[in-house]
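Residues per chain, in single letters:
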Amino acid sequence: MNFDWTDDEKLLRQSAYDFASRELSDGVVERDRDGGFSRGHWDACADFGLQGLMVPAAFGGGGHDLATAVAILEAVGRGALDNGLVFAVTAHAASCAGPIVEYGSDEQRARWLHGLADGSIVGATGITEPDSGSNALGLGTTATRDGDDWILAGGKTFVTNAPIADLFLIYARTGSSGFAALTCFLVPAGANGLEVGPSIEKMGLRTSPMAQVFLDGCRVPASAVLGGVGSGAMVFNQTMDLERLLVMAPAVGAMERVLQRCVTHAKERNTGSAPIGSHQAVAHAIADMELDLDGSRLLLYRAAWHRSRHGTATRESALAKLAVSEAYVRACRRAVQIFGGYGYMTEYELERELRDALATTLYVGTSEIQRNLIAGLRGLG
Ligand SMILES: Cc1cc2nc3c(=O)[nH]c(=O)nc-3n(C[C@H](O)[C@H](O)[C@H](O)COP(=O)(O)OP(=O)(O)OC[C@H]3O[C@@H](n4cnc5c(N)ncnc54)[C@H](O)[C@@H]3O)c2cc1C
């Protein structure tokens, strides 16, 4: 086993961290307060190559393997204070560009990947519906054949990037039941019968835009089908493997950033005769954060390695997603406690971190769904 980074990897991680801390951290308090997405910061991410990290170089992307993409995104998460923006970018890269790279036809790849990689096309993915969240494969949006076309009817909710998206990857029902009942469709934002609802206000990740998407007689050609009719559940499962890792990588970086702030504060804050870090209660809380951080990071990279090597990593990515998200929330709770009243104040930027962190236990499958997956592979539940 080799835990060393090569010199090239070290350089990539350092430049990602430098970029993110320099360019993705200003004005976050205000944008968080106003629920504002920044196109300028999105474009900066695209210039750095984040939207196209895993898009092949032939289509204008970075062509990185999964472990390298995870390493870059971890460094971005450590440097960037704008967790919402980073989430918008990783959702675009993992759940929209990712499946087009893996399952797109030559024509679909040529049409969409350049723009998705350079950030000029914003991608969004609609799986969740008002009546199907955790039971994603029970979704009710239908796609019905009409000659060579398909007609989509239904609606999606909690769609990240919807208010700014140019392309929607929509999961719809094309069969009545069974594993082959779902199909993915690539639907441009201007398609007749597709409407985006008003922006949805959120507790955290407030700088990433979100809205409902309504599909009312939305006609798309046969060429909009991604990966073949009936392959939606397979695309979903494979994409979830990837998304669990790409979306969680910045959370590991954020955890390290929060831990470092706690160490500094514990050494500097003196409420009596000694710094608060001299109290065992505070020092042990920081030791537990360190333990959580290393455990999460190891599971994350093990899962990335496993998927690259074996093509799939359901168990490994579910374990990593569960560990990282729960540890990130614990780290932010501990940080607020270690900072005392200051931790609760907006100015100290830890209450925002906690609000952002809470979303990680919900999206890309809740913690309970990750536990179901893990236990299910042992024949339980
Ligand atoms: C910030 C954010 C961004 C998101 N972005 C997107 C997006 O871009 N596209 C998209 O399609 N969706 C998106 N979602 C939606 C997300 O995937 C769903 O919220 C999530 O899958 C949970 O579904 P739900 O909200 O309907 O909760 P429900 O499914 O109603 O679950 C409610 C509670 O019941 C538990 N529960 C439900 N079923 C089970 C079960 N079988 N076993 C044990 N416990 C269970 C859940 O764990 C949860 O605690 C986003 C959500 C958030 C918070």
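This text follows the structure it describes.
Residues numbered from 1 in each chain as written. Predicted model: local features only at pLDDT ≥ 70, side-chain atom pairs only at ≥ 80, totals over all residues. Heavy atoms only, no water.

1. A look at the side chain of R206
Part 1: Tracing the backbone shows R206 in the loop between β6 (194–199) and β7 (210–220).
Part 2: Residue R206 is classed as buried on the basis of its relative accessible area, which comes to 15%.
Part 3: At 2.6 Å, the side chain of R206 and the backbone oxygen of D32 are in polar contact.
Part 4: Of the polar contacts made by the side chain of R206, one reaches the side chain of E201; its length is 3.1 Å.
Part 5: In this view, R206 contacts D32, R33, D34, G35, G36, E201 and R355; residues no more than four positions away in its chain are not counted. (Helix = DSSP H or I, 4+ residues; strand = E, 2+ residues; numbered from the N terminus. Buried < 20%, exposed > 50% of the residue type's maximum accessible area, 1.4 Å probe, protein only. Polar contact = N/O pair within 3.5 Å; in protein donor to acceptor, adjacent residues only side chain to side chain. Contact = heavy atoms within 4.5 Å.)

2. Some remarks on the site of the ligand
Part 1: Lining the immediate surroundings of the ligand are 17 residues, of which T128, S134, F158, T366 and E368 lie closest.
Part 2: Within the contact set of the ligand, an oxygen atom lies 2.8 Å away from a backbone nitrogen or oxygen of I127.
Part 3: Between S134 and the ligand, the recorded distance is 2.7 Å, taken from a side-chain N or O atom to an oxygen atom.
Part 4: If the ligand stood free it would expose 970 Å²; the protein chains cover 63% of that surface.
Part 5: The cavity that encloses the ligand is the largest pocket.
Part 6: When contributions to the shell around the ligand are tallied by element, the ones reaching two or more residues are β1 (123–126), β3 (149–160) and α12 (367–376).
Part 7: In terms of residue class, the shell around the ligand is built from 8 nonpolar, 8 polar and 1 charged. (Near = heavy atom within 4 Å. Areas by Shrake-Rupley, 256 points an atom, 1.4 Å probe, with all protein chains shown as cover. 1 Å grid on protein atoms, 1.4 Å probe; cavity = no way out; pocket = protein on both sides within 12 Å on 5 of 7 lines; lining within 4 Å. Sits in = over half its atoms within 2 Å of the grid points. Nonpolar A, V, L, I, M, F, W, Y, C, P; charged D, E, K, R; others polar.)

3. Regarding empty space enclosed by the protein
Part 1: With the rule as written, the count across this model stands at 2 cavities of 30 Å³ or more.
Part 2: Each pocket or cavity is described by its volume, and for the largest cavity that value is around 110 Å³.
Part 3: Residue lining of the largest cavity: N83, V86, F87, L205, V247, P250, A251, A254, Y328, D356, T360 and Y363, and that is the complete set.
Part 4: Listing elements by their share of the lining of the largest cavity, those giving two or more residues are α5 (83–103), α7 (232–268) and α11 (351–360).
Part 5: Looking at the lining of the largest cavity, the element that brings in the most residues is α7, giving 4 residues.
Part 6: Of the residues contributing to the lining of the largest cavity, the split by class is 9 nonpolar, 2 polar and 1 charged.
Part 7: Of the voids in this model, the second largest cavity is the one considered here, and its volume is about 30 Å³.
Part 8: Every residue lining the second largest cavity is listed: V28, D32, L81, D82, N83, G84, L205, R206, T207, R352 and D356.
Part 9: Secondary-structure elements contributing two or more residues to the lining of the second largest cavity are α2 (28–34), α5 and α11.
Part 10: A per-class count over the lining of the second largest cavity returns 3 nonpolar, 3 polar and 5 charged. (Points joined across faces, edges and corners; volume = space filled by probe spheres on them.)

4. Remarks on the packing of helix α4 (residues 66–79) against α7
Part 1: Here α4 crosses α7 at 35°, and the two axes come no closer than 6 Å. The hand of the α4/α7 crossing is right-handed. Where α4 approaches α7, its residues L66, A69, V70, L73, E74, G77 and R78 are matched on the opposing element by L242, L245, L246, A249, P250, V252, G253, A254, E256 and R257.
Part 2: Residue classes in the contact of α4 with α7 are distributed as 11 nonpolar, 2 polar and 4 charged. (Axes fitted to C-alpha atoms, helices over the stretch in contact; angles between N-to-C directions. Left-handed = near helix turned anticlockwise from the far one by under 90°.)

5. Overview of the packing of aromatic side chains
Part 1: All told, the structure shown has 7 aromatic pairs when counted by the stated rule.
Part 2: With a centroid separation of 4.4 Å and an interplanar angle of 5°, the aromatic rings of F19 and F48 are classed as stacked. With F19 in helix α1 (residues 7–23) and F48 in helix α3 (residues 39–48), the pair connects residues that are 29 residues apart, well separated along the chain.
Part 3: A relative accessible area of 3% places F19 in the buried class.
Part 4: With 6.0 Å between their ring centres and 85° between their planes, Y171 and F236 make a pair best called edge-to-face. Taken as a pair, Y171 in strand β4 (residues 167–173) and F236 in helix α7 lie far apart in primary sequence, 65 residues in all.
Part 5: In this structure F236 comes out as buried when scored by relative accessible area, which is 12%.
Part 6: For R78, the ring lying beneath its charged end belongs to Y17, and the centroid distance is 4.2 Å. (Phe/Tyr/Trp six-rings, centres within 6.5 Å; stacked < 30°, edge-to-face > 60°. Lys NZ or Arg CZ within 6 Å of the ring centre and 35° of its normal.)

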